[in-house]
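Reading the structure
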Amino acid sequence: MTDTVAEMSQVMAEADCLIDEQQVQTAIQDMADDITGRLKDSNPLLFCVMNGGLIFTGQLLPRLRFPVQAEYLHATRYRQETTGGILEWKLQPTAEMKGRTVLIIDDILDEGTTLCAIADYCRSQGAKEVLTAVLVDKQHDRKAHPNLKADFTGLHVEDRFLFGYGMDYKGYWRNAPGIYAVKGL
Ligand SMILES: O=P(O)(O)OC[C@H]1O[C@H](OP(=O)(O)OP(=O)(O)O)[C@H](O)[C@@H]1O
Ligand SMILES: Nc1nc2[nH]cnc2c(=O)[nH]1
């Protein structure tokens, strides 16, 4: 076993499971029902925010009961760290969004800098309406704007460093089947 695999196995062994798989599945289904109710007649353009939004988007989309056009974009500001830095666009969307309702889908709204920057970009490209959906909203008072919230939120989670369901710890454990907090963080 490599040192990294041993370290990451230890991280999981010592982590706190905050939300289990069944609770996450229920939250995703509830969000899918809400999004379907609100957007089924709007022909929205969906963007998965890579990398973290991958698992959530993959599980949300088959539950949406209307014809969906889905694309992706990639913006990052945490990299391998547990605190955020400058937002770096790795892939800006190229899909035409002028006059469209856009739904941005990501794993977590933490400080919200990432979602705000993506939403601003979509508005600058002429989107008629920009909505956001996050699996997890982290509870603290460091949001980019007071009372910042996504339009659709699955779960509220305490102020710890999280991994699982798309969220990584040092690049690993996006695959963890629940929402976990790293020991001591
Ligand atoms: O609300 P914020 O404080 O801005 O943080 C939220 C962002 O942080 C994570 O992305 P990250 O920068 O780790 O990139 P990644 O998904 O590619 O790992 C997560 O997937 C969100 O996009
Ligand atoms: N993996 C991970 N990414 C984040 N991005 C912003 N907050 C978090 C977090 O708690 N965990």
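Model, not experiment: these values are computed from the prediction.

With respect to the packing of aromatic side chains
- Scanning all chains against the criterion turns up three aromatic pairs.
- The interplanar angle of 15° and the centroid separation of 5.4 Å between the aromatic rings of Phe 163 and Tyr 180 together place this pair among those described as stacked. One end of the pair, Phe 163, is in strand β8 (residues 162-163); the other, Tyr 180, is in strand β9 (residues 179-181), and 17 residues separate them in sequence.

A word on the UniProt feature "domain: Phosphoribosyltransferase" (unreviewed entry) in the chain
- The positions that UniProt labels "domain: Phosphoribosyltransferase" (unreviewed entry) are, in the present scheme, residues 22-169.
- The span residues 22-169 shows a helical share of 25% and a strand share of 30%, and its end C-alpha atoms are spaced 22 Å apart.

Thoughts on the site of ligand 1
- In the neighbourhood of ligand 1, 18 residues make up the surrounding shell, with Tyr 78, Asp 106, Asp 107, Gly 112 and Thr 114 lying closest.
- One of the side-chain N or O atoms of Asp 107 is found 2.6 Å from an oxygen atom in ligand 1.
- Protein contacts shield 95% of the accessible area of ligand 1, which totals 500 Å² for the unbound molecule.
- In terms of residue count, the dominant contributor to the shell around ligand 1 is strand β5 (residues 101-109) (four residues).
- Per-class residue counts for the shell around ligand 1 are four nonpolar, seven polar and seven charged.

Remarks on the sheet that holds β9
- Strand order across the open sheet formed by three strands is β1-β9-β8, with antiparallel pairing between neighbours. Each end of this open sheet is capped by a strand with a single partner; those strands are β1 (16-19) and β8.
- In this structure, β8 lies alongside β9, joined through two bridges in antiparallel fashion. Within β9, the residue paired with Phe 163 across the bridge is Tyr 180.

Structural notes on the site of ligand 2
- Around ligand 2 sit Tyr 78, Ile 108, Asp 110, Lys 138, Arg 160, Phe 161, Leu 162, Met 167 and Asp 168, and that is every residue in its neighbourhood.
- Between ligand 2 and Asp 110, the relevant distance is 2.6 Å, taken from a nitrogen atom to a side-chain nitrogen or oxygen of the residue.
- Leu 162 has a polar backbone atom sitting 2.8 Å from a nitrogen atom of ligand 2.
- For ligand 2, the protein covers 93% of the area, taking 280 Å² as the surface of the free molecule.

Considering the nonpolar core
- Grouped together as the largest cluster of nonpolar side chains are 28 residues, with contacts concentrated most on Ile 35, Leu 60, Leu 103, Leu 135 and Ile 179.
- Within the residue set of this core, elements represented by two or more residues are α2 (21-39), α3 (54-60), β5, β6 (129-138), β7 (152-157) and β9.
- The element contributing the most residues to this core is α2, with seven residues.
- When sequence neighbours within four positions are dropped, the list of residues in contact with Ile 35 reads Lys 40, Leu 60, Leu 64, Phe 66, Leu 103, Ala 133 and Phe 152.

Quick look at the pairing of strand β2 (residues 45-50)
- Most of β2 sits inside the fold, with five of its six residues counted as buried.
- Bridging between β2 and strand β3 (residues 69-76) involves six bridges; their strand directions are parallel. Within β3, the residue paired with Met 50 across the bridge is His 74.
- Following the backbone out of β2, through α3 and into the adjacent parallel β3, one traces a crossover that is right-handed.
- Taken together, the four bridges between β2 and β5 define a ladder with parallel strand orientation. Each residue of the ladder has a partner; that of Phe 47, found in β5, is Ile 104.

Conventions we followed
Just so you know, the residues in each chain are numbered from 1, in the order the chain's sequence is written. Whichever chain is written first becomes A and whichever ligand is written first becomes 1, with later ones labelled in order. Per-residue local features are limited, in this predicted model, to residues with pLDDT of at least 70; the limit for side-chain atom pairs, both in listing and counting, is 80 or more; totals at the level of whole chains, interfaces and linings are taken over all residues. Excluded from the side-chain calculations are hydrogens and water; all other atoms, namely the structure's heavy atoms, are used. Only rings of Phe, Tyr and Trp enter the pairing, Trp through its six-membered ring, and a pair is recorded when the two centres are within 6.5 Å. The plane angle decides the type: under 30 degrees is stacked, over 60 is edge-to-face, the rest tilted. Numbered from the N terminus, helices here are DSSP runs of H or I no shorter than four residues, and strands are runs of E no shorter than two. UniProt positions are given in the numbering used here, feature names are shortened, and annotations may be inferred rather than shown by experiment. We define proximity as follows: a residue is near a molecule or strand when any one of its heavy atoms falls within 4 Å of that partner. Within 3.5 Å is the distance limit for a polar contact, defined as a pair of N or O atoms, with the added protein rule that one can donate a hydrogen and the other accept it, and that residues adjacent in sequence qualify only through two side-chain atoms. Throughout, the Shrake-Rupley method with a 1.4 Å probe supplies accessible areas, and for residues the shown protein chains are the sole cover considered. Residues are grouped as follows: nonpolar covers Ala, Val, Leu, Ile, Met, Phe, Trp, Tyr, Cys and Pro; charged covers Asp, Glu, Lys and Arg; every other residue, Gly included, is treated as polar. DSSP-based pairing: two strands are paired if at least 2 bridges between them are found. What makes a nonpolar core is a set of buried Ala, Val, Leu, Ile, Met, Phe, Trp, Tyr and Cys residues whose side-chain atoms join them at distances within 4.5 Å. Each residue's exposure class comes from its accessible area (1.4 Å probe, protein chains only) as a fraction of the maximum for that residue type: buried when under 20%, exposed when over 50%, partly exposed otherwise. Note on contacts: a residue pair is in contact if any heavy atoms of the two residues lie within 4.5 Å. We call a crossover right-handed when, viewed with both strands directed away from the observer, the connection leading from the first strand over the helix to the second proceeds clockwise.

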